[in-house]
Amino acid sequence: MMPTARPSHSTFLALNRHRHHVRTWPGATDGPTLFLQHGWMDCSASFQFLVDALPSDWTVIAMDWRGFGESDWNVGGYYSPDYLADLDALLEHFSPHRPVWLAGHSMGGMVASLYAGVRPERVAKLASLEGFGLPATKPAEAPGRYARWLRETRDPPRFGALESVERLAERQIERNRHLTPERARHLAAALTVVENGALRYRADPRHKMVNPVLYRLEEAMACWRRIKAPVLWLIGGDSWDHPIAHGVMATLGERRACFARLAEVTIADAGHMLHIEQPEACARALVDFFSAAGS
């Protein structure tokens, strides 16, 4: 059985002209605040296990990115600059005058890392959980990418009805072998909703569309070099086995060299989804990093 979950409350805010769901785990009025950003096809509720292991006096704030969780979907596709603007609006709402503690997983870590370079004065400390960027692309890939995007624009991807929460929980364990059954079921329930008698993913299936704009590693690296805050990377010990690792793990040296003040912690017995497989170990690393005096 899982321990009693730390309670959270939900609000809906218009951020960057878009209705976002924001989940808050309140802490002490004089305690620190940590902002968490979830990964692709995930939602803020997936941080529950991590938050349960963090100090109770910390306030934790996590929004559902547009088109995920309970946030509204886009009319069209999804583009990374929108995520930067959404994050900027979130921090402006909750902490307009003070730099923040910021952490993100996977896509959330990538967005947070870009943001910390674009607005270095807004971030006091940054932790990226398996958010080291995407594989580099080449200009020659552009024609095929645009052609595929045109096809998918005419015929967007769709999710079919899911069999059951229990079956989805089993698939979560198949992909994340260190995940416990109780936590897998919690995640499966958080990622789904029943509509018209059918179980479906909450996420907008158009997130599955190819992005017509190529990921340009050189641009990301230019942003990383402007980060002033101390940075922590959390790396899953089994991450090499995840598809996102291909083309990234082999170039980590080049990527880490962009960060002036970088610390790294490897989380044993965890893959890409390290915050749900080993939340206690992740929490210890985050507490050590964010609570350390000075820089």
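Conventions we followed
- Residues numbered from 1 in each chain as written.
- Predicted model: local features only at pLDDT ≥ 70, side-chain atom pairs only at ≥ 80, totals over all residues.
- Heavy atoms only, no water.
- Helix = DSSP H or I, 4+ residues; strand = E, 2+ residues; numbered from the N terminus.
- Rg over C-alpha atoms; globule rule 2.2 N^0.38 Å.
- Contact = heavy atoms within 4.5 Å.
- Lys, Arg positive; Asp, Glu negative; His and termini not counted.
- Charge placed at Lys NZ, Arg CZ, Asp CG, Glu CD.
- Axes fitted to C-alpha atoms, helices over the stretch in contact; angles between N-to-C directions.
- Parallel < 35°, antiparallel > 145°, perpendicular 65-115°, else oblique.
- Nonpolar A, V, L, I, M, F, W, Y, C, P; charged D, E, K, R; others polar.
- Buried < 20%, exposed > 50% of the residue type's maximum accessible area, 1.4 Å probe, protein only.
- Pairing = 2+ DSSP bridges.
- Core = buried A, V, L, I, M, F, W, Y, C linked by side-chain atoms within 4.5 Å.
- Salt bridge = Lys/Arg side-chain N within 4 Å of Asp/Glu carboxyl O.
- Polar contact = N/O pair within 3.5 Å; in protein donor to acceptor, adjacent residues only side chain to side chain.

**Q** Looking at this structure, I do not really get the overall build of the protein. What am I missing?
**A** The helix and strand tally for the protein stands at ten helices and ten strands. In summary, the protein has a C-alpha radius of gyration of 18 Å against a globular reference of 19 Å for 295 residues, a match within 12%. Its C-alpha atoms give the protein principal-axis dimensions of about 55 × 50 × 40 Å. In the protein, once contacts between residues fewer than 6 apart in sequence are set aside, the share between residues at least 24 apart is 75%. Within the protein, one finds 33 positive and 33 negative side-chain charges whose respective centroids are separated by 5 Å.

**Q** I keep staring at the packing of helix α3 (residues 107–118) against helix α7 (residues 217–224) and nothing clicks. Help me out?
**A** The relative placement of two packed helices comes down to the angle between their axes together with the axis-to-axis distance. Where α3 meets α7, the axes come as close as 7 Å, and the angle between the chain directions of the two elements is 55 degrees. By the angle between their axes, α3 is oblique relative to α7. Residues Ser113, Leu114, Gly117 and Val118 of α3 form the contact with α7, whose participating residues are Ala220, Cys223 and Trp224. For the contact of α3 with α7, a count of residues per class yields five nonpolar, two polar and no charged.

**Q** Please explain the pairing of strand β6 (residues 123–129) as it appears in this structure.
**A** If a strand is regular, its side chains alternate between the two faces of the sheet. Counting buried residues along β6, six of its seven residues qualify, which places the element largely inside the surrounding structure. Pairing of strand β5 (residues 100–105) with β6, which is carried by six bridges, proceeds in the parallel orientation. Along β6, the bridge assignment pairs glycine 104 with serine 128. Bridge count between β6 and strand β9 (residues 231–236): four bridges; the pairing is parallel. Residue pairing in the sheet places leucine 126 in a bridge with valine 231 of β9.

**Q** Got a minute to help me understand the environment of cysteine 282 in this structure?
**A** Residue placement: cysteine 282 occurs in helix α10 (residues 279–291). Among the residues examined, cysteine 282 registers a relative accessible area of 0% and is labelled buried. Residues cysteine 282 and leucine 129, 153 residues apart in the sequence, show an inter-C-alpha distance of 8.8 Å. Residues within four places of cysteine 282 in sequence aside, it is in contact with Leu50, Leu234, Ile267, Leu274 and His275.

**Q** Honestly, the nonpolar core in this entry has me stumped. Any pointers?
**A** The nonpolar side chains of soluble globular proteins are, as a tendency, buried together. Ranked by internal contacts, the top residues of the largest apolar core, which has 40 residues, are Trp65, Leu87, Leu102, Leu126, Trp224 and Ile227. Residue assignment for this core shows that the elements contributing at least two residues are β1 (9–15), β4 (59–63), α2 (80–94), β5, α3, β6, α7 and β9. Sequence-distant contacts of isoleucine 227, that is, excluding residues within four places in its chain, are made with Ser113, Ala116, Gly117, Leu126 and Phe259. Residues Leu50, Val60, Ile267 and Leu286 belong to the second largest nonpolar core, which totals 26 residues.

**Q** Hey, could you run me through the pairing of β9 in this one?
**A** With six of its six residues buried, β9 lies for the most part within the structure. Side chains Val231, Trp233 and Ile235 project from β9 onto one buried face, and the interleaved Leu232, Leu234 and Gly236 project onto a second face that is buried too. The pairing of β9 with strand β10 (residues 262–267) spans six bridges and is parallel. Along β10, the bridge assignment pairs leucine 234 with valine 265.

**Q** Would you explain the side chain of glutamate 277 in this entry?
**A** Tracing the backbone through its elements, the reader meets glutamate 277 in helix α9 (residues 274–277). Although buried, glutamate 277 forms no salt bridge, and the nearest oppositely charged side chain, arginine 177, lies 6.3 Å from it. At 2.6 Å, the side chain of glutamate 277 forms a polar contact with the backbone nitrogen of glycine 271. Setting aside residues up to four positions removed in sequence, glutamate 277 forms contacts with Asn176, Arg177, His178, Leu179, Arg183, Asp269, Ala270 and Gly271.

Note that every value here comes from positions in space, so none of it alone points to a role or purpose.
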